[in-house]
Amino acid sequence: MSQHRSSGNQRVVRDVVFVDGVRTPFGRAGDKGIYAGMRADDLVVKCIRELMRRNPGLPAGRVDEVAVAATTQTGDQGLTIGRTAALLAGLPRTVPGFAIDRMCAGAMTAVTTTAGGIAFGAYDVVIAGGVEHMGNHPMGAGADPNPRFMSERLVDPAALNMGNTAENLHDRFPAITKDRTDAYAVASQDKLQAAYGAGMIQPDLVPVATMKPGEGWTVHTVDEPPRPGTTREDLAALRTPFRPHGRVTAGNAAGLNDGATAALLASSDAAAELGLGVKMRLVSYAYAGVEPEVMGIGPVPSTEKALAKAGLDIGDIGLFEINEAFAVQVLSFLDHFGISDDDPRVNRYGGAIAVGHPLASSGVRLMNQLARQFEEDPSVRYGITAMCVGLGMGATVIWENPHHADYSGTAIETAGALA
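Residues numbered from 1 in each chain as written. Predicted model: local features only at pLDDT ≥ 70, side-chain atom pairs only at ≥ 80, totals over all residues. Heavy atoms only, no water.

1. Section: the packing of helix α9 (residues 299-310) against helix α10 (residues 327-336)
Operational definition: For helices, the fitted line uses only the C-alpha atoms of the stretch in contact; every axis is such a line through C-alpha atoms, and the angle between N-to-C directions lies from 0 to 180 degrees. Counting from the N terminus, the helices are DSSP H or I runs at least four residues long and the strands are E runs at least two residues long. Angles below 35 degrees are treated as roughly parallel, those above 145 as roughly antiparallel, those between 65 and 115 as roughly perpendicular, and all remaining angles as oblique. A contact between two residues is defined here by any heavy atoms of the two lying within 4.5 Å. By the convention adopted, Pro, Cys, Tyr, Trp, Phe, Met, Ile, Leu, Val and Ala count as nonpolar, Lys, Arg, Asp and Glu as charged, and the other residues, Gly among them, as polar.
Axis separation between α9 and α10 bottoms out at 9 Å; the angle between their running directions is 45 degrees. Viewed along their axes, α9 and α10 adopt a mutual orientation that is oblique. In this structure, α9 contributes Pro299, Val300, Thr303 and Glu304 to the contact, and α10 contributes Gln329, Ser332, Phe333 and His336. Here the residues of the contact of α9 with α10 sort into 3 nonpolar, 4 polar and 1 charged.

2. Let's talk about the pattern of salt bridges
How we decide: A side-chain nitrogen of Lys or Arg and a carboxyl oxygen of Asp or Glu constitute a salt bridge if their distance falls within 4 Å. Burial status follows relative accessibility: with a 1.4 Å probe on protein chains alone, a residue under 20% of its type maximum counts as buried, one over 50% as exposed, and anything between as partly exposed.
For the structure on display, the rule yields 24 salt bridges. Residue arginine 345 pairs with aspartate 343 through a salt bridge whose shortest N-O separation is 3.0 Å. Judged by relative accessible area, which is 22%, arginine 345 ranks as partly exposed. Across the salt bridge formed by arginine 348 and aspartate 377, the nearest N and O atoms sit 3.3 Å from each other. Note that arginine 348 is positioned in the loop between α10 and α11 (352-355) and aspartate 377 in the loop between α12 (362-376) and β11 (382-389), a separation of 29 residues in sequence. By relative accessible area, arginine 348 is classed as partly exposed at 25%.

3. Here's the deal with empty space enclosed by the protein
The test is simple: A cavity here means a set of 1 Å grid points, computed over protein atoms only, where a 1.4 Å probe fits but cannot escape. A pocket is an open set with protein on both sides within 12 Å along at least 5 of 7 lines, and lining residues have an atom within 4 Å of a point. Grid points are joined across faces, edges and corners, and a volume is the space filled by probe spheres set on the points.
Summed over the entire model, instances satisfying the criterion amount to 1 cavity of 30 Å³ or more. Considering only enclosed or pocket space, the largest cavity measures out at about 50 Å³ in volume. Lining the largest cavity are Arg23, Met200, Ile201, Asp204, Tyr349, Asn368, Gln369 and Arg372. The dominant element in the lining of the largest cavity, judged by the number of residues it contributes, is α12, at 3 residues. For the lining of the largest cavity, the per-class residue count stands at 3 nonpolar, 2 polar and 3 charged.

4. Brief notes about unusual backbone geometry
The residue threonine 80 is not glycine, and still its phi comes out positive at about 50 degrees. Structurally, the position occupied by threonine 80 is in the loop between β3 (65-69) and α2 (81-88). Taking relative accessible area as the criterion, threonine 80 reaches 43% and is therefore assigned partly exposed.

5. Observations regarding α9
For clarity, the threshold we go by: To estimate how far a helix should extend, the number of its residues minus one is multiplied by 1.5 Å.
For α9, which comprises 12 residues, the first-to-last C-alpha distance of 16 Å matches the rise-based estimate of 16 Å (1.5 Å per residue) to within 8%. On the buried face of α9, the contacting elements are β9 (280-289), β10 (317-322), α10, β11 and β12 (393-400). Immediately beyond the C-terminal end of α9, within one or two residues, lies glycine 311, with a positive phi of roughly 70 degrees.

6. Brief notes about the packing of aromatic side chains
Convention followed: Whether two aromatic rings pair depends on their centres lying within 6.5 Å, for rings of Phe, Tyr and Trp, where Trp uses its six-membered ring; planes under 30 degrees apart make the pair stacked, over 60 edge-to-face, and the rest tilted. A ring is scored as having a charge over it whenever the NZ atom of a lysine or the CZ atom of an arginine sits within 6 Å of its centre and within 35 degrees of its normal.
Under the counting rule described, the total for this entry stands at 4 aromatic pairs. Seen in terms of ring centroids, phenylalanine 18 and tryptophan 399 are 5.7 Å apart; in terms of plane orientation they differ by 80 degrees. Their pairing is edge-to-face. Residue phenylalanine 18 is found in strand β1 (residues 16-23), and its partner tryptophan 399 is found in strand β12; the two are separated by 381 residues along the sequence. You'll find phenylalanine 18 and tryptophan 399 in the same group, each marked buried. Following the ring pairs from residue to residue traces out a cluster consisting of Phe320, Phe333 and Phe337. When the ring centre of phenylalanine 26 is taken as reference, the NZ or CZ atom of arginine 23 above it lies at 4.5 Å. The ring of tyrosine 287 has arginine 102 lying over it, and the distance from NZ or CZ to the ring centre is 3.8 Å.

Laid out in structure tokens, this is it:
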């Protein structure tokens, strides 16, 4: 979103920058998970408070909006969670908030929706993120799909089960074998473990204290889902729950998880005025619809749209953060664009297969990891965050690295931006 001025009644389109992003450690959903018994809104509150702590130059009253996504908007994830989380976090009552649902791309949509408001001039500074406590709210709980979907054959029945859509993607692309997806999944675990070892994940994690009867208080500072040391032989032995003799397993797909994320976005002018660091500049974004029964292919058309809007080619992209809902979904994206399975540009720090995927929160996790990689590798100018979305959609955001020599955004001090 390059800044330009025009005459007459046309408005100025302003640069939008990603100032900072944080998340809770991700937990496993269920009674034995680290967040069992904890409220979802409290997870969001911890993220908002940490963003404000890490950016002391930002007066709380300068936050113009709080947008929080949740897929299951009921109970502790309901009641316009963006507004309630803002109040619970101690932001001034003058700061409004709202809720968003685009299933897995909820936090990503919270970012792009508020970014559009910044570009238009409606906001200067916003907080956008997402939460999913799948232990409190299992996927699809309380949902009531309209019977017309089935009776009028508007969608394939498989569209309502994400695992079935992944099996359908295997059918469509037989070159993506189970052995290949297992190999990809093992690599995701290995890359996450290496990123932890290099200290690239920990800086964005908000410590969360929980209390369980008989166990006392525990402070969680790392993700719970990873399984370091996983081998292809381990994954080959897993059952295929969505289809007899299928290809999708718990090992080559993201799990059921709990967690929250939040990002701080601003106009480039507001960031400069307030002395806020800049981690990325938003270049373009796009959403696209596909056949619901193969929803995993969604990031292909959304990425093509985002590239076209930005005037870029896939070859211009130096880093990819692609949400790993299923290994087959990522591999279908890579095959389409002629990218190898082990391309070092793709998910350098591992992905959701290893770290977890608390649905509506995951979009900002992708952004956090891309921002870290931008700082680590200033030779890369453009990067992508992309994900598939339930009921047949794809979502893509293209970002520019402010550390690159040819950075085209407004010149802003970026030193120390990554706290």
